[in-house]
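# Remarks on the overall topology
Chain residues, written in single-letter form:
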Amino acid sequence: MGRLLSVAFGAAISYGGGASADTIALAVTPPVPSIEAALPSLPNIQIARFETVAPTYSRGSPSNFAQQVQDQADTSAFGLACAEQINVTPGPDATFLVEVTAPCRPEEQVLITYAGLAFDMSLSMTGYARAEVPALSYFAELDTVFDDYSVLSADVTAPEIYEYARVAVAWSGSADARLTSKAPRHLPVDVVTLGDGSGAVAQVLSHRIAPDARRGVIRLGLVAQVTAINCNTSQEANILQQVPGRPAQRYAMRLAPAGCDRIGDILELKNILPDLKLASN
């Protein structure tokens, strides 16, 4: 008898000879409904395409990222760039304005040197300091020295210096002394103190020589107070005298120490400085 196979969707199939009584009709499996026909039609869905975008940097390319980080590090606590600079601006009456900017050196002490003078200033919390300095020569270099001995320099030119007679006293350290003068009424003077008291200080006496100036003598002196800091300690100073038409005079001065038993005393030192002698025009 031939072998029978059940085939979906088919009828009786026999292998072997022709049809016979042994042929068994196959059970026909009902057709499976079409899935495509049974599912509802889907809306037309568009799939968005996403592309990977490289990050951008404010300086233009990822290769500058390290520089960007460094730039952010080189800022002060107030977000100011750490660049240090000194600006010198001419002012009236043969003076100039000195401005020091160092944002990353808050409250640091700086030393200003100019024409043989030296005085200290303390920077503010934002690293700024300023001082109005009387000119002492037609041309000179002004230096700002920081705690780490780095220096900022600027050239100073003061053509009006020839209209003024000036005497400058620069103390080697903090001094409790001040420059005094005694002059005729027709020879008015002005005294400026340089330095904020945090270290070295300097004083400059100025007299403007008018076109119809008359001759006269300005007598100079010092008034010093004896304190617990300066008692039994000598004080030294450099003196500069600048008079139009004459060579500048420079010399050193040393004050003998006063005993600590004199703390609180005020010493008036006369005839310790050369008189400023002015001739009529």
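Treat the numbers as computed from the prediction; the structure is a model and nothing was measured.

## Here's the deal with the sheet that holds strand β7 (residues 151-157)
Spatially, the four strands line up as an open sheet ordered β4-β3-β6-β7, and their pairing is antiparallel. Bordering the open sheet on either side are β4 (117-122) and β7, each of which pairs with just one other strand. Adjacent strand axes in the sheet meet at a mean angle of 20 degrees when their direction is disregarded. Pairing of strand β3 (residues 109-114) with β4 involves six bridges; the strand directions are antiparallel. Bridging from a neighbouring strand, Leu 111 pairs with Asp 120 of β4.

## A short note on the side chain of Arg 166
Positionally, Arg 166 belongs in strand β8 (residues 164-171). The side chain of Arg 166 sits in the buried core without any salt bridge; Asp 93 is the nearest counter-charge, 7.0 Å away. At 2.9 Å, the side chain of Arg 166 and the backbone oxygen of Asp 93 are in polar contact.

## Considering unusual backbone geometry
With a phi angle near 55 degrees, Ala 94 is a residue other than glycine that sits in the positive phi range. On the accessibility criterion, Ala 94 (3% relative accessible area) is buried. Even without being a glycine, Asn 232 presents a positive backbone phi close to 60 degrees. With respect to the helices, strands and loops of the structure, Asn 232 is situated in the loop between β12 (216-225) and β13 (235-242). Among the residues examined, Asn 232 registers a relative accessible area of 53% and is labelled exposed.

## What to know about the nonpolar core
Phe 96, Tyr 114, Leu 117, Phe 119, Val 133, Leu 136 and Leu 142 are the most contacted members of the largest nonpolar core, which totals 32 residues. Secondary structure elements with two or more residues in this core: β2 (95-101), β3, β4, β5 (128-134), β6 (139-145), β7, β8 and β11 (202-208). Counting residues in each nonpolar core, the second largest holds 21 residues, with Val 169, Met 253, Leu 276 and Leu 278 among its members.

## Section: the packing of aromatic side chains
Counted under the stated rule, the structure contains two aromatic pairs. Look at Phe 96 and Tyr 114: their rings are 5.1 Å apart centre to centre, the planes differ by 80 degrees, and that puts the pair in the edge-to-face class. Separated by 18 residues along the polypeptide, Phe 96 in strand β2 and Tyr 114 in strand β3 bring together distant segments of the chain. By relative accessible area, Phe 96 is classed as buried at 4%.

## Remarks on the layout of surface pockets
Put simply, the largest pocket is a space of about 230 Å³. Looking at the largest pocket, the residues that line it are Thr 180, Ser 181, Lys 182, Arg 219, Leu 220, Gly 221, Glu 268, Leu 269, Lys 270, Asn 271 and Asp 275. Elements with a contribution of two residues or more to the lining of the largest pocket: β9 (177-182), β12 and β15 (266-270). Tallied by class, residues from the lining of the largest pocket come to two nonpolar, four polar and five charged. Estimates place the volume of the second largest pocket at around 170 Å³. Taken together, 13 residues make up the lining of the second largest pocket; nearest its centre are Gln 235, Leu 255, Ala 256, Ala 258 and Leu 267. Elements supplying a minimum of two residues to the lining of the second largest pocket: β12 and β15. Among the residues making up the lining of the second largest pocket, the classes are represented as nine nonpolar, four polar and no charged.

Reading the values: the criteria
- Position numbers for residues count from 1 along each chain, tracking the sequence in the order it is written.
- Since the coordinates come from a predicted model, pLDDT governs what is reported: local features require at least 70, and pairs of side-chain atoms require 80 or more to be given and counted, while whole-chain, interface and lining totals use all residues.
- Side-chain figures throughout are based on the complete set of non-hydrogen atoms in the structure, without hydrogens or water.
- When DSSP finds two or more bridges between two strands, those strands count as paired.
- A run of H or I in DSSP becomes a helix once it reaches four residues, and a run of E becomes a strand once it reaches two; helices and strands are each numbered from the N terminus.
- Comment: axis = line fitted to C-alpha atoms, over the contacting stretch for helices; angle = value between 0 and 180 degrees taken between N-to-C directions.
- Working definition: with a 1.4 Å probe on protein chains only, accessible area under 20% of the residue-type maximum means buried, over 50% means exposed, and in between means partly exposed.
- When charges are tallied, Lys and Arg are placed among the positive residues and Asp and Glu among the negative ones, while His and the ends of the chain are skipped.
- When a carboxyl oxygen of Asp or Glu is within 4 Å of a side-chain nitrogen of Lys or Arg, the pair counts as a salt bridge.
- N or O atoms closer than or at 3.5 Å make up a polar contact, with two conditions inside protein: a donor-capable atom paired with an acceptor-capable one, and, for residues adjacent in sequence, both atoms drawn from side chains.
- Residues enter a nonpolar core if they are buried and are Ala, Val, Leu, Ile, Met, Phe, Trp, Tyr or Cys, with the set joined through side-chain atoms within 4.5 Å.
- Each Phe, Tyr or Trp ring (for Trp, its six-membered ring) is paired with any other whose centre lies within 6.5 Å, and the angle between the two planes then decides the class: stacked below 30 degrees, edge-to-face above 60, tilted in between.
- Only protein atoms enter the 1 Å grid, on which a cavity is a set of points fitting a 1.4 Å probe that cannot get out and a pocket is an open set with protein on both sides within 12 Å along at least 5 of 7 lines, lining residues being those with an atom within 4 Å of a point.
- Grid points are joined across faces, edges and corners, and a volume is the space filled by probe spheres set on the points.
- Each residue is assigned to one class: nonpolar for Ala, Val, Leu, Ile, Met, Phe, Trp, Tyr, Cys and Pro, charged for Asp, Glu, Lys and Arg, and polar for all the others, Gly among them.

Geometry only, nothing functional implied.
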